[in-house]
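One-letter residues, chain by chain:
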Amino acid sequence: MIIAPSVLSMDYSRTEQQLRELNESGAQWIHFDVMDGHFVPNISFGPDILRAVAGSTNLFLDVHLMISDPVFYTPVFIDAGADSITFHYEAMESKERIKELAALIHSRGISAGISIKPNTPVTVLQDLLTDFDLFLVMSVEPGFGGQSFMESSLDKITWLRCELSEKGLNAHVQVDGGINEKTAVLARNAGADVLVAGSFFFRNDMKKAVKLLEG
Ligand code: DX5
Ligand code: ZN
């Protein structure tokens, strides 16, 4: 089980201390939410902040692009230190462009992920299963931390895990939004192996939060 704390929920007035604690929490990844005020109604961080975080950690930097133009910005965030780039299915104009962007990410030597919003059927990913290292099921409408987990995400997680194992693929199935001690159990049982946690992680003792989420 991989725990990926979302720095969207951290206390920015104590960034240095929070990152130090995060580094020692036992979490393996850092989830970095990029929002452009267009794909989602909120604005978060740009590449300069990612570069600063990259300089303060050895953890795997999992970048989640909630932006309308992932084609243009993906190379920018790779240059800034991303270890993985996840972009949204809904932001892309065709399956061909999606496959091209996944190939570009791989050509730069990092992992590629694709994400779907709560109203997008998971079956749109059927013919993309061999193109990605990670499939991100949103369990809230993207844009803000602190929302409630949508249980409709569980069937999508299960579908992905089954399809991947049937094809002998061991890509990550990640879930993002409303993850806490209780919903983590549901997500794990459904087949998720990467749990993103924002408010739950930063509102609790970080080491304890990781243990609780790992189960
Ligand atoms: C939501 C972001 C999430 C968010 C999760 O748009 O993609 O990563 O930070 O926060 P919590 O865990 O508070 O729902
Ligand atoms: Zn996210």
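Above this note sits the structure.
These numbers were taken from a predicted model, which means no experiment stands behind them. Within every chain, residues take consecutive numbers counted from 1 along the sequence as written. Lettering for chains starts from A, numbering for ligands starts from 1, and both go in the order in which the items are written. Under the rules for a predicted model, residues below a pLDDT of 70 receive no local features and side-chain atom pairs below 80 are neither given nor counted, while totals for whole chains, interfaces and linings still include all residues. Calculated side-chain values reflect all of the structure's heavy atoms, with hydrogen atoms and water omitted.

Chemist: Is there a simple way to think about the pairing of strand β4 (residues 84–88) in this case?
Modeler: Each regular strand displays side chains that alternate between the two surfaces of the sheet. Most of β4 is tucked away: 5 of the 5 residues are buried. Going residue by residue along β4, you find S84, T86 and H88 tucked away on one face and I85 and F87 tucked away on the opposite face as well. Between any two strands, at least two bridges found by DSSP are needed for them to pair. Numbering of helices and strands starts at the N terminus; helices are DSSP runs of H or I of at least 4 residues and strands are runs of E of at least 2. Here strand β3 (residues 60–66) pairs with β4 via 4 bridges, running parallel. When the sheet's bridge partners are listed, H64 is paired in β4 with T86. Crossover β3 to β4 through helix α3 (residues 70–79) is right-handed. Any residue under 20% of the maximum accessible area for its type is buried, any over 50% is exposed, and the rest in between are partly exposed; the area is computed with a 1.4 Å probe on protein chains only. With the strands aimed away from the viewer, a crossover counts as right-handed if its path from the first strand over the helix to the second runs clockwise.

Chemist: Help me understand the pattern of salt bridges, please; the structure alone is not making it clear to me.
Modeler: Opposite charge on two side chains permits them to pair, given that their charged atoms come into close proximity. For salt bridges, the criterion is a side-chain nitrogen of Lys or Arg within 4 Å of an Asp or Glu carboxyl oxygen. Within this structure, the stated rule accounts for 10 salt bridges. One salt bridge connects R108 with D79, and the closest N-O pair in it is separated by 2.6 Å. Of this pair, R108 sits in the loop between α4 (95–107) and β5 (111–116) while D79 sits in helix α3, placing them 29 residues apart in sequence. Since its relative accessible area comes to 52%, D79 is described here as exposed. Here D193 ties to R161 by a salt bridge, and the two come within 3.0 Å at their closest N and O atoms. Pair noted here: D193 is in the loop between α6 (181–190) and β8 (194–197) and R161 is in helix α5 (residues 153–166), with a separation of 32 residues, a long-range link.

Chemist: Even after reading the chapter, I still don't get the coordination of the zinc ion (ligand 2), so can you show me in this structure?
Modeler: The reference angle at a metal is 109.5 degrees if four donors form a tetrahedron and 90 or 180 degrees if six donors form an octahedron. Donors, by definition, are the N, O and S atoms found within 2.8 Å of a metal, the threshold being 3.2 Å for Na, K and Ca, and water is not counted, so a site can look incomplete. At 2.0 to 2.3 Å from the zinc ion (ligand 2) lie its protein donor atoms, namely H31 (NE2), D33 (OD), H64 (ND1) and D176 (OD). For the zinc ion (ligand 2), the 6 donor atoms in the first shell make angles of 67 to 170° at the metal, so the coordination geometry reads as octahedral. If you list the donors of the zinc ion (ligand 2) from N- to C-terminus, the spacing comes out as H-x1-D-x30-H-x111-D. Judged by relative accessible area, H31 falls into the buried class, the value being 0%. Angle rules define the geometry names used: all angles between 85 and 135 degrees makes four donors tetrahedral, while opposite donors over 155 degrees apart and all other angles between 65 and 115 make four donors square planar and six octahedral, leaving every other case irregular.

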